[in-house]
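# A closer look at the structure
Here is what each chain is made of, one letter per residue.
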Amino acid sequence: MLLNACEHLTLGNHAKRNRMKAAVLEYVQQPLTIKDVPTPTIGDQDVLIRVHACGVCHTDLHIADGLLSSFATNPFPLIPGHEVAGTVEAVGARVDHLKPGDRVGAYWWFGCGRCRCCLSGQEQACITSQSDLRAAGLTLDGGYAEYMKVPAAYAMRLPAELDFVVAAPFFCAGLTMYAALKNSGLRAGQRAVVVGIGGLGHLAIQIARAFGAEVVAVTSTDEKCELAKQLGAHHVVSATDGSVGKQLLDLGGGDVVLSTTLDFQTIREVMRGLSPLGTLVLTGMTPGRLPLDPRTFILGQQRVIGINFGSRQDLHEVLQFAFRHNIHPMVETYPLEEINTVHQRLKKNEVRFRAVVTPQSE
Ligand SMILES: [Zn+2]
Ligand SMILES: [Zn+2]
């Protein structure tokens, strides 16, 4: 039988789709291994995503370090990765709102759908997640692979204007920063302080500016001062000499202080720079106890809130917000095979500012 070029290509993809390349974490405290593994099989209500880009989040390092040991789960061997953008490769029999070729990304945290948080659209706070965590890239296979499956309801369409590599970091880093600033109640004309200029903070500067805020960046890395200004910060404060709180008060104090750092000492210091009626938002998962003086918080009517990431609604909003306000992550791209190099760079704080792997680069 003679086949034309197009048919050859179709057969080739079908043959290839049974197996795929993936970066697998066999167990904690080990490097990832690039392996040939079965492509996920999808159920009636799933989609298979061809992964063009997957951002590398600090949480991926935490997983490799054993973060999940506190949950009653042993997901290993695991394919990490939860900042996924790509195209729909196949849809389940009962999926009628997506079709092969559609550009999507994956919301990756699957709530129970029944608790009061899920029912109010806040499944990122799902009560059952504490004991039964179901999240792609954390306890279920994620996006360090050529293909990944998700329930179709969690495949979010990408604005046509966003490239895959640009879109991917919004699925955790951008989402978290958007949800943090939205939930802080930040309004135009207020002063937002972004603490820690990395994968999250460099997006927070841009998002806060798009909210109409005066933006102060706090960093302990000299080289990042100029970068923070290029990203849109109106002021940059150095966190190296222990006077951050005073420096922030000299600028008038922060209506919102958004902390992305894992440096606990810096968090303690920036708290002093919070304005009356101000909100401190914590997003960096770091252990420690904050010195909260009730009198200061009562007299100043201040708040402290924690944000893990955001809801599907927040994700929809931030994707639209990103292209409308021309918000761009600064990315370094790598082939999937270099994932261990990426993890090492992230550990050493060398990534500027988000690393993205491209399992399907064509
Ligand atoms: Zn993440
Ligand atoms: Zn729930």
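Residues numbered from 1 in each chain as written. Chains lettered and ligands numbered in written order. Predicted model: local features only at pLDDT ≥ 70, side-chain atom pairs only at ≥ 80, totals over all residues. Heavy atoms only, no water.

### Details of the overall build of the protein
A tally of helices and strands in the protein yields 12 helices and 15 strands. Here the C-alpha atoms of the protein give a radius of gyration of 21 Å, agreeing with the 21 Å that 2.2 N^0.38 yields for 362 residues. Relative to its 362 residues, the protein shows a buried fraction of 54%. Restricting to contacts in the protein with at least 6 residues of sequence separation, those with at least 24 account for 69%. Taken as two groups, the 33 positive and 34 negative side-chain charges of the protein have centres that lie 5 Å from each other. (Helix = DSSP H or I, 4+ residues; strand = E, 2+ residues; numbered from the N terminus. Rg over C-alpha atoms; globule rule 2.2 N^0.38 Å. Buried < 20%, exposed > 50% of the residue type's maximum accessible area, 1.4 Å probe, protein only. Contact = heavy atoms within 4.5 Å. Lys, Arg positive; Asp, Glu negative; His and termini not counted. Charge placed at Lys NZ, Arg CZ, Asp CG, Glu CD.)

### Topic: the coordination of the zinc ion (ligand 2)
For a metal bound by four donors in tetrahedral geometry, the ideal donor-metal-donor angle is 109.5 degrees, whereas six donors in octahedral geometry ideally sit at 90 or 180 degrees. Within the protein, Cys112 (SG), Cys115 (SG), Cys118 (SG) and Cys126 (SG) serve as the donor atoms for the zinc ion (ligand 2), at 2.3 to 2.4 Å. Around the zinc ion (ligand 2), the 4 donor atoms are arranged such that angles at the metal cover 104 to 117°; this shape is classified as tetrahedral. On the primary sequence, the residues serving as donors to the zinc ion (ligand 2) are separated as C-x2-C-x2-C-x7-C. Of this pair, Cys112 sits in the loop between strand S5 (103–106) and helix H3 (116–119) while Cys126 is found in the loop between H3 and strand S6 (147–151), placing the two residues 14 residues apart along the sequence. Each of the two residues, Cys112 as well as Cys126, counts as buried. (Donors = N, O, S within 2.8 Å, 3.2 Å for Na, K, Ca; no water. Tetrahedral: all angles 85-135°; square planar, octahedral: opposite > 155°, others 65-115°.)

### Comments concerning the domain arrangement of the protein
Taken domain by domain, the protein holds domain 1 (10–171 + 310–357) and domain 2 (174–306). Measuring from the centre of the C-alpha atoms in domain 1 to the corresponding centre in domain 2 gives 28 Å. Each partner contributes to the interface: domain 1 provides 23 residues, whereas domain 2 provides 21 residues. Across the domain 1 to domain 2 interface the summed buried area is about 1,900 Å²; carbon plus sulfur atoms make up 67%. For the pair domain 1 and domain 2, the interface holds 3 salt bridges. Our count for the domain 1 to domain 2 interface comes out at 10 residue pairs in polar contact (both at pLDDT 80 or more). Elements that contribute at least two residues to the side of domain 1 that touches domain 2 include exactly helix H2 (58–65) and helix H11 (312–324). Considering every element that reaches the side of domain 1 that touches domain 2, the biggest residue donor is H11, with 5 residues. Among the residues making up the side of domain 1 that touches domain 2, the classes are represented as 11 nonpolar, 8 polar and 4 charged. (Domains from an automatic or database assignment. Buried area = accessible area lost by both parts, 1.4 Å probe. Salt bridge = Lys/Arg side-chain N within 4 Å of Asp/Glu carboxyl O. Polar contact = N/O pair within 3.5 Å; in protein donor to acceptor, adjacent residues only side chain to side chain. Nonpolar A, V, L, I, M, F, W, Y, C, P; charged D, E, K, R; others polar.)

### Thoughts on the pairing of strand S3 (residues 46–56)
Within S3, 11 of the 11 residues are buried, which leaves it mostly tucked inside the rest of the structure. Note that S3 and strand S4 (residues 83–91) share 8 bridges and pair antiparallel. Along S4, the bridge assignment pairs Val51 with Gly86. For S3 and strand S15 (residues 354–357), the ladder comprises 3 bridges, and the chain directions are antiparallel. Within the sheet, the bridge partner assigned to Gly55 lies in S15 and is Val356. (Pairing = 2+ DSSP bridges.)

### Brief notes about the nonpolar core
The biggest cluster of nonpolar side chains holds 104 residues, and the ones touching the most others in it are Tyr144 and Ile205. Residue assignment places this core across two domains, with domain 1 (10–171 + 310–357) and domain 2 (174–306) each supplying three or more. (Core = buried A, V, L, I, M, F, W, Y, C linked by side-chain atoms within 4.5 Å.)

### Topic: the coordination of the zinc ion (ligand 1)
Looking at the metal site, the zinc ion (ligand 1) is ligated by Cys57 (SG), His82 (NE2) and Cys172 (SG), spaced 2.1 to 2.2 Å from it. Read N to C, the donor residues that coordinate the zinc ion (ligand 1) are spaced as C-x24-H-x89-C. Here His82 lies in the loop between H2 and S4 and Cys57 lies in the loop between S3 and H2, a separation of 25 residues in the sequence. Exposure class is identical for Cys57 and His82. Each is buried.

### Looking at the packing of H2 against helix H12 (residues 339–347)
Between H2 and H12, whose axes approach to 10 Å, the crossing angle comes to 100°. Compared by their axis directions, H2 and H12 come out roughly perpendicular. For the pair formed by H2 and H12, the contact residues are His58, Asp60, Leu61 and Asp65 on the first element and His343, Leu346 and Lys347 on the second. (Axes fitted to C-alpha atoms, helices over the stretch in contact; angles between N-to-C directions. Parallel < 35°, antiparallel > 145°, perpendicular 65-115°, else oblique.)

### What about the environment of Leu249?
Among the structural elements, Leu249 can be located in helix H8 (residues 244–250). Assessed through its relative accessible area of 47%, Leu249 is described here as partly exposed. The sequence separation of Leu249 and Ala228 amounts to 21 residues, and the corresponding C-alpha distance is 20 Å. Leave out the neighbours within four places in its chain, and Leu249 touches Arg272 and Gly273.

### Some details on the side chain of Ser129
Structurally, Ser129 is set in the loop between H3 and S6. One polar contact links Ser129 to Trp109, side chain to side chain, over a distance of 3.3 Å.

### Overview of the environment of Cys126
Here Cys126 falls in the buried class, since its relative accessible area comes to 2%. Spatially, the C-alpha atoms of Cys126 and Trp109 are 9.3 Å apart, while their sequence positions differ by 17 residues. With residues up to four places along the chain from it excluded, the contact list for Cys126 reads Gly111, Cys112, Cys115, Cys117 and Cys118.

### Details of the pattern of salt bridges
Tallying each qualifying case throughout the model produces 15 salt bridges. As a salt-bridge pair, Asp250 and Lys246 come within 3.0 Å of each other at their nearest N and O atoms. Pair noted here: Asp250 and Lys246 are both in helix H8, with a separation of 4 residues, about one helical turn. Residue classification places Lys246 among the exposed residues on the basis of a relative accessible area of 54%. Connected through shared salt-bridge partners, Lys99, Asp102 and Arg157 make up one network.

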